[in-house]
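Residues per chain, in single letters:
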Amino acid sequence: MQIIRRLEALRQALDLYAHAGEGVALVPTMGALHAGHMALVDAARRRAPRTVVSIFVNPKQFGPGEDLARYPRREAADAQMLADHGVDILWAPEVDEMYPAGFATTVSVSGVSEVLDGAHRPGHFDGVATVVARLFGQVRPVAAFFGEKDFQQLAVVRRMVADLSLPVEIVGVPTQREDDGLALSSRNIYLDEAERARAVALPRALGVAERALSRGDDPASAVAGALAALTRAGFDPDYVALVDAETLRDPVRGRPARLLAAARLGTTRLIDNIAVDFD
Ligand code: PAF
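Reading guide: rules and limits
Residues numbered from 1 in each chain as written. Predicted model: local features only at pLDDT ≥ 70, side-chain atom pairs only at ≥ 80, totals over all residues. Heavy atoms only, no water. Helix = DSSP H or I, 4+ residues; strand = E, 2+ residues; numbered from the N terminus. Buried < 20%, exposed > 50% of the residue type's maximum accessible area, 1.4 Å probe, protein only. Contact = heavy atoms within 4.5 Å. Near = heavy atom within 4 Å. Polar contact = N/O pair within 3.5 Å; in protein donor to acceptor, adjacent residues only side chain to side chain. Areas by Shrake-Rupley, 256 points an atom, 1.4 Å probe, with all protein chains shown as cover. Nonpolar A, V, L, I, M, F, W, Y, C, P; charged D, E, K, R; others polar. Pairing = 2+ DSSP bridges. Axes fitted to C-alpha atoms, helices over the stretch in contact; angles between N-to-C directions. Right-handed = clockwise from strand over helix to strand, strands pointing away. Arc of directions from axis to C-beta.

Peer 1: Kindly report on the environment of Leu242, identifying the contributing residues and their values.
Peer 2: One can find Leu242 in strand 7 (residues 236–244). Here Leu242 falls in the buried class, since its relative accessible area comes to 11%. Sequence-wise, Leu242 and Ala261 are 19 residues apart; in three dimensions their C-alpha atoms are separated by 9.0 Å. Discounting residues that sit within four places of it in the chain, Leu242 has contacts with Leu213, Pro219, Val223, Pro251, Ala257, Arg258, Leu259, Val276 and Phe278.

Peer 1: Summarise the site of the ligand; cite the residues concerned and give the values.
Peer 2: Residues in close proximity to the ligand include Pro28, Thr29, Met30, Asn58, Gln61, Val131, Phe146 and Gln153, which together make up its full environment. Gln61 has a polar side-chain atom sitting 2.6 Å from an oxygen atom of the ligand. In isolation the ligand offers 290 Å² of accessible surface; the protein chains occlude 88% of this area. Class assignment for the residues of the shell around the ligand results in 4 nonpolar, 4 polar and no charged.

Peer 1: Tell me about the sheet that holds strand 7, and please be specific about residues and values.
Peer 2: Backbone-to-backbone hydrogen bonds join strands into a sheet, with any given pair of strands oriented parallel or antiparallel. A sheet is described by the order of its strands in space; here 3 strands give the open sequence 7-8-9, paired in antiparallel fashion. Strands at the two margins of the open sheet, each flanked by one partner only, are strand 7 and strand 9 (268–276). Mean inter-strand twist for the sheet, computed between neighbouring axes without regard to direction, equals 10°. Note that strand 7 and strand 8 (residues 257–265) share 8 bridges and pair antiparallel.

Peer 1: Which residues make up the pairing of strand 3 (residues 50–55), and what values go with them?
Peer 2: Burial analysis of strand 3 places 5 of its 6 residues in the buried class, the great majority of the element. With respect to chirality, the unit in which strand 2 (residues 24–29) leads through helix 2 (residues 35–47) into the neighbouring parallel strand 3 is right-handed. Considered for its hand, the β-α-β crossover made up of strand 3, helix 3 (residues 75–84) and strand 4 (residues 89–91) is right-handed.

Peer 1: Describe helix 3, and please don't skip the residues or the numbers.
Peer 2: For helix 3, the set of buried residues is Asp78, Ala79 and Leu82. Burial along helix 3 is one-sided: seen end-on, the buried residues are contained in an arc of 100°. Relative to its buried face, helix 3 has exposed residues pointing more than 90 degrees away, namely Ala76 and Asp84. The inward-facing, buried residues of helix 3 contact strand 1 (2–4), helix 2, strand 3 and strand 4.

So far we have only geometry, and geometry alone does not tell us how the molecule works.
This is how it looks when you write it as structure tokens:
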């Protein structure tokens, strides 16, 4: 596996693939890789002859007071995992390579970016859309892989790609979970032992609400039940919301729906979501 930090070297490597007619699948990440990322990598490897994984802790998607400085960085271990999984290129630019002097573009996706996490983390999805658009320009992938755990991010990227007619297939990969149901996340390492034990209340609350909704219960009471369960478990919830899976606005019966939640446990903010049968 090549580890590349400069755009010029990335272009040279990708040109060789292009001349050989080999398409590239991209997995954008911020590192601190776990089995969830590896599921993306394995899916990417099945999709195209070449796989590029980016590791870039993107300052543009962190707000003031968020965890940019303490976000886990462990490139050597990440690189070993990626090499073991048959990745061709680890694209690991520094900030000044991703955003050189004079960089002046922001990609802003209205609508899907404005609700839920977008309302609680102003500017977050502009940062995500901007770096993902830049990564697509740099890597020119035929397909890019994103985890469904970041469901709103996936919706934002899909909207951006559709609106800008970008020639890349966006593939969402189901959330990978610990044995007790907690969604894998690089941020789980912030949890101490007691918090980790309580964190399982998040997927459980979503599961209980999902079953209530598929029995036909009233959405407002299912959501209220999930919020109450989270609060009882010691979470400070930002939101629990049932939304249309594409627009992230009010759910429409007969269309795919999703139940999403974000909640803080101590200093750690966790998110999760689940598909809902809303007929
Ligand atoms: O999901 C992430 O790790 C990041 O938001 C992404 C897509 C790599 C953009 O920085």
